[in-house]
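# What the coordinates show
Chain residues, written in single-letter form:
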Amino acid sequence: METRVISGNEAIAQGVRLSRVEVIPIYPITPQTTIAEYLASLVANGELEAEVILIDGEHSAMSACYGAELIGARAFTATCSHGLAYMHEPIAQVTAYRLPILMAVTNRRLGSLHSSQPDYTDTMPEKDSGWMQFYLESNQEALDMVIQAYRIAEDNRVILPTMICIDGFYLSYSNEPVEIPNQKDVDEFLPSYKAEHIIMDPNVRFETPLLTIPAELIPTYERLYCDAMERAKKVIVEVDKEFEAKFGRSYGGLIEQYRCENAEAVIITMGSMTTAARRAIDKLRKDSKKIGLIKVRSFRPFPTEEIIKIAESVDSIGVVDRAVSRGVGGGGGPLFVDVKAAIYNINDRPVILNFITGLFGKDLRIEDFENIANKTLKAAKDGKAEVIVDFMEDLDLVRKYCPPPNPTICMPEAVFCSGLSGCVGCGLTLSLRHTLEVLGKNTVMAVPSSCAAAIIAGAPFTSPIGVPHVIANMPSPGGVISGMRRGLRIKKRSEVNVIGFCGDGATVDIGFTSLSGAAERGESVIWLCYDNEAYMNTGIQQSGSTPIGAWTTTSPVGSIVRGKKTGRKNIPLIMALHGVPYIATASLAYIKDFRRKLKKASETTLKGKGMAYIHVQTPCPPGWRFPSEKTIEISRLAVLTGAWPLYEIEDGNLKINTMPRSLKPIYEYLKLQGRFRHLKKDEINMIQNIVNKNWKELLRLEQTYPKKMVYSSE
Amino acid sequence: MNRKNMEYLEFGKAKLIGTSPRDSWRVKKPEINQDLCKKCGMCVDYCIEGCMQMGNEGVIINYRLCKGCGVCANECPTSAIRMID
């Protein structure tokens, strides 16, 4: 056993290592990313023997989890917010197959209003999906709960999927001392996985998931499911006790009571806010106020009996919610609604209040909880509450921002304001500036979640670019821009440019279906892919566009793994096979060429000829590990070494735009970038061979044209 | 506060265009030697932030918005730009 100061995400990764998880499909999303990074590096260094799948989206991630579990392997994934919402469909599938998958959720707000701050609006929509949900308070609890959760989920009385939720940022990125148990002790506590559910193994016995049942049996099926949830309650308490006996730490099972002895009122909390609440209770107890605290750990199964027991002995309950159930008369959070339902049948019900706070990551301080506790105590004394659902608004701030004040530097006529919040030397900022300058004011833009989305989400109520734009969902930018174009067409507004300004993740991986669909339908939209060759916004994770051999945080350089193993997708040529009328690659070192291509793309789409696709390489100083002044130099070398050939395909005719007399050796390009620093001579030679082969192929394609090589769809 | 004041909040609207100063991000700043400058405009094209402009008497830098990345100094064909503290 050792104690280390680690973040919540690392604690979870350590828990996964100790639990000997076998398959880990994972897709990066802030603030979950470092879980993926730690796991990738554990595998790269041979500390964990597992299959890490750096997958193309959350929908696939959860699908891969149940694929692996159906074969009998212990599976783990992690996500949050939009990723969790995108998983919603396979999440329902998992419950149908009754698979004990463990998912860690680093809570983050769901919905637009570009926020990566924590609240429970992401996990609450999944509360009725049939997954167990645990909300955790500390990094230690996160590590311990990973181990406990597999024990609970895989118990043959339970066999249910499990979500463990830690507050994004508050726990995911905060460091705390965490005791890491010995592998031997964990192995004794959590034996190696022998699946009790359906296993698809043709060599052992025939067993396959039930694909349909008669409607008449559904009520019984649902009752059986709820029975398993009920049985889980007992198992959770049992496992907690066993864990205490083995490791000396107990979390109280379903709920934890804190200083509830002879309390007149209690407040109920979940997650990391509980720590601040504890300190507030300590203070009030010192003033001999009779108040206690309940931490709900297991939200599903809901600790109904435990809540009833407490409700019978107190005069008022204050429930603190980090989420809102919109449309429940007068508001009210999900925890409040459930607590209220639980105590309905008891005689002499206490007064119940709801405090909606901590939304959008608002920090909850000890004073806030003192305020909450005092209001709850007052309700206990009065026997009634003045306000039942208290949104705890800050009206001074509302006054400050409504109507909003002018930005520091006001540029009402600008199409692009200098001083975006991108990194120093950011290639994407340059590509965005030239794109907007060429397309002009008459443009609408969709930006899927990416670096670009993060940097144009400026100050509140203020936009740093002068064209109407929206942050699109990452899997569906093609849908958003198609809708915009069709809307403009029906409104007879054919002069407006529609552009999807997408990163490589949204083009190559998660959003590829929507790109392919929009291309096939012949939507007259511009799709600009700015390619920084990894998921840079979440912190340099491998994407489908990362070149072979490159270091990223999920393709680390260790004793077993040495950078990305496979090459990249060649999207421009894939688009050529879609029969897209205008396709171009561009480089930031050749600005005039880039601007000409943008102009051509605009003309093509405004004429209604179909999609225009531009793929521009945008070097990223922090991600590629080079000094910020080298952005353009590296772009130029990429073209001159043949790593990033400049060409355009117009109506099926391929033309190479920049033809170096002879290609420079690829080493010149690689040596400037820290992400290739680990490459040995033979690895560089291998990359050189790939570049030579691709260049030859491109020359061949150019000669084959203008005879149309592109397969027409007829 | 009336509903009109709240509409930005209620319907999530952003109507203002603008930005904030970025000079605090900077370690070094570019300085142009006008004698060496050939006014080719390459730095204006390559300026990541777009805070350089071609004026009548040469290139003007908006130091309030310059983050000091050094791309202009690295790309200048006549080495007319250098990064100073």
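Residues numbered from 1 in each chain as written. Chains lettered and ligands numbered in written order. Predicted model: local features only at pLDDT ≥ 70, side-chain atom pairs only at ≥ 80, totals over all residues. Heavy atoms only, no water.

## Re the confidence of the model for chain B
Overall, the predicted model of chain B reaches an average pLDDT of 91, with 99% of residues at or above 70. Reported confidences for the modelled complex are a pTM of 0.94 and an ipTM of 0.96. (pLDDT = per-residue confidence, 0-100.)

## Brief notes about the sheet that holds strand β5 (residues 102-107) of chain A
Residue and element names in this part refer to chain A. If you trace the five strands from one edge of the open sheet to the other, you get β4-β5-β7-β6-β12, paired in mixed fashion. Two strands bound the open sheet, and with one partner strand each, they are β4 (76-79) and β12 (298-300). Direction aside, neighbouring strands of the sheet carry axes that sit 25 degrees apart on average. Of the pairings in the sheet, the one linking β4 to β5 comprises four bridges and is parallel in character. The residue bridging Thr77 from the neighbouring strand is Met103, located in β5. Strands in contact with helix α8 (residues 218-247) are β6 (132-135) and β12; relative to β6, the strand with the most contacts, it is inclined by about 40 degrees. (Pairing = 2+ DSSP bridges. Helix = DSSP H or I, 4+ residues; strand = E, 2+ residues; numbered from the N terminus. Axes fitted to C-alpha atoms, helices over the stretch in contact; angles between N-to-C directions. Contact = heavy atoms within 4.5 Å.)

## Focus on the sheet that holds strand β18 (residues 462-463) of chain A
Reading across from one edge, β16(A)-β1(B)-β18(A) is the order of the three strands in this open sheet, with mixed pairing throughout. Strands with a single pairing partner mark the edges of an open sheet, and in this sheet they are β16 (409-410) and β18 of chain A.

## Some thoughts on the interface of chain A and chain B
The interface is formed by 48 residues belonging to chain A together with 33 residues belonging to chain B. Across the chain A to chain B interface the summed buried area is about 3300 Å²; carbon plus sulfur atoms make up 60%. At the junction of chain A with chain B, the criterion picks out two salt bridges. Between A:Arg636 and B:Glu75 there is a salt bridge whose closest N-O contact spans 2.9 Å. On inspection of chain A and its partner chain B, the count reaches 24 residue pairs in polar contact (both at pLDDT 80 or more). Those elements that place two or more of their residues in the side of chain A that touches chain B are α13 (395-401), β16, α14 (427-439), β18, α20 (591-606) and α22 (631-640) of chain A. Residues belonging to the side of chain A that touches chain B are distributed by class as follows: 26 nonpolar, 14 polar and eight charged. For β16(A) and strand β1 (residues 16-19) of chain B, the ladder comprises two bridges, and the chain directions are antiparallel. The partner of A:Cys410 across the bridge, within β1(B), is B:Gly18. (Buried area = accessible area lost by both parts, 1.4 Å probe. Salt bridge = Lys/Arg side-chain N within 4 Å of Asp/Glu carboxyl O. Polar contact = N/O pair within 3.5 Å; in protein donor to acceptor, adjacent residues only side chain to side chain. Nonpolar A, V, L, I, M, F, W, Y, C, P; charged D, E, K, R; others polar.)

## Re the environment of A:Glu51
All names here are of chain A. The topology assignment puts Glu51 in strand β3 (residues 51-54). Each C-alpha atom of the pair Glu51 and Val21 lies 8.9 Å from the other, and the pair is 30 residues apart in sequence. Excluding anything up to four places from it in sequence, Glu51 contacts Glu22, Val23 and Ile24.

## Description of the domain arrangement of chain A
Domain boundaries assigned for chain A yield domain 1 (2-247), domain 2 (255-393) and domain 3 (420-704). Computed from C-alpha atoms alone, the centre-to-centre distance between domain 2 of chain A and domain 3 of chain A is 50 Å. (Domains from an automatic or database assignment.)

## Side note on the nonpolar core
Among the nonpolar cores identified, the biggest contains 90 residues, and A:Met62, A:Met103, A:Ile268, A:Leu335, A:Met575 and A:Met611 are the most heavily contacted of them. Ranked by size, the runner-up nonpolar core spans 63 residues in total, among them A:Leu428, A:Leu432, A:Trp644 and A:Phe676. (Core = buried A, V, L, I, M, F, W, Y, C linked by side-chain atoms within 4.5 Å. Buried < 20%, exposed > 50% of the residue type's maximum accessible area, 1.4 Å probe, protein only.)

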